[in-house]
Amino acid sequence: MDPSKRVARRRGKPFGNATRGTTNPNRLRRVDRWLAGPQAWRLRGESHPLVIDLGYGGAPTTAVELYSRIHAVCPSAHVTGIEMEPERVRIAKPLEHEGLDFCVGGFEIPVPGRPSMVRAFNVLRQYDEADVQLIWLTVCSRLAPQGIFVDGTCDEIGRRSTWVALDGTGPLSLTISLRFGGFTLPSDIAERLPKALIHHNVPGEKIHDFLQALDTYWLAGAPLAPFGNRQRWLNMCQKMYDAGWPVVRSPSRWRLGELTVDWAAVAPVQATALMPEAVLTSS
């Protein structure tokens, strides 16, 4: 591997490499409603919980939207947008107000306190897979005791989205979220898998088995198509649960086109274990 392409970690400098920085309004609505929904309990352990939008891009849109959505469920939360490019931060500064600010930084998260939530979307996909473990470890070492780090990817307008959730113990789950009518088969999400999984969607890997199982139950539910894609999706999710897949049984989330599965069920087989216990316990 070309060393010039490896993630940069220079003393006194932000940890990471500058990314393309493109984004669109409302692109991250799917992960935001997950953070502000079933994960909102993580904000209740702090009087003023800190939420980080890590690598928000060329425009501060996603950080402003994150503030709005988090503030609706936790008015005392503070949101900080972090970017490596000083010019991007300069552009965002006029939008600062109580509860929202911006600063220059990288995966080291150079802010006081420990965040309850860190969201990095469409960031790690621009790195090499070999860098993922170190980045995950670095970010998770900064989390509050009940904090969560979300490493995700989505398409340009947010119709197809996936994310890995991690805490101080390592990866917890994979969530996929699709807009009904925006896919032919559930496995269409494969092109938007997080960096830790996207190259493992091949026979013999767990993520491949998971996506194939989704397709199987989706196709088997074709008779439900006249009742709409939502009913067909609900049926698929229930069949996955009944078949023993460790998916979160939450019909209210399923109705949104969302499905969460334990990380162990999709973790790479042909790869070095991510976030080894020996490292985590010493961090």
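Residues numbered from 1 in each chain as written. Predicted model: local features only at pLDDT ≥ 70, side-chain atom pairs only at ≥ 80, totals over all residues. Heavy atoms only, no water.

(A) Structural context of the nonpolar core. Membership of the largest hydrophobic core comes to 52 residues, with the highest contact counts inside it found for Phe107, Trp136, Phe149, Phe210, Trp233 and Leu259. When near neighbours in sequence (up to four residues on either side) are disregarded, phenylalanine 107 contacts Phe15, Gly16, Leu54, Val123, Leu124, Tyr127, Ile135, Thr138 and Val139. Formed by 26 residues, the second largest nonpolar core is a distinct cluster that contains Val51, Tyr67, Val89 and Val150. (Core = buried A, V, L, I, M, F, W, Y, C linked by side-chain atoms within 4.5 Å. Buried < 20%, exposed > 50% of the residue type's maximum accessible area, 1.4 Å probe, protein only. Contact = heavy atoms within 4.5 Å.)

(B) Just the side chain of asparagine 122, in detail. Relative to the helices and strands, asparagine 122 resides in the loop between β4 (117–121) and α4 (132–140). Apart from residues lying up to four places away in sequence, asparagine 122 is in contact with Arg27, Leu28, Gly152, Thr153 and Cys154. (Helix = DSSP H or I, 4+ residues; strand = E, 2+ residues; numbered from the N terminus.)

(C) Summary view of the sheet that holds strand β7 (residues 170–178). Across the sheet, 8 strands lie side by side as β3-β2-β1-β4-β5-β6-β7-β8; this open sheet has mixed pairing. In the strand order of this sheet, the two ends are held by β3 (100–104) and β8 (258–262), each with one partner. Recorded for the sheet is a direction-independent mean angle of 20 degrees between the axes of neighbouring strands. Examined bridge by bridge, strand β6 (residues 160–167) and β7 share 8 bridges and lie antiparallel to one another. Counted as the bridge partner of leucine 166 is proline 171 from β7. Lying on the sheet, helix α2 (residues 61–73) is in contact with β1 (50–54), β2 (78–83), β3 and β4; it crosses β1 at an angle near 155 degrees. (Pairing = 2+ DSSP bridges. Axes fitted to C-alpha atoms, helices over the stretch in contact; angles between N-to-C directions.)

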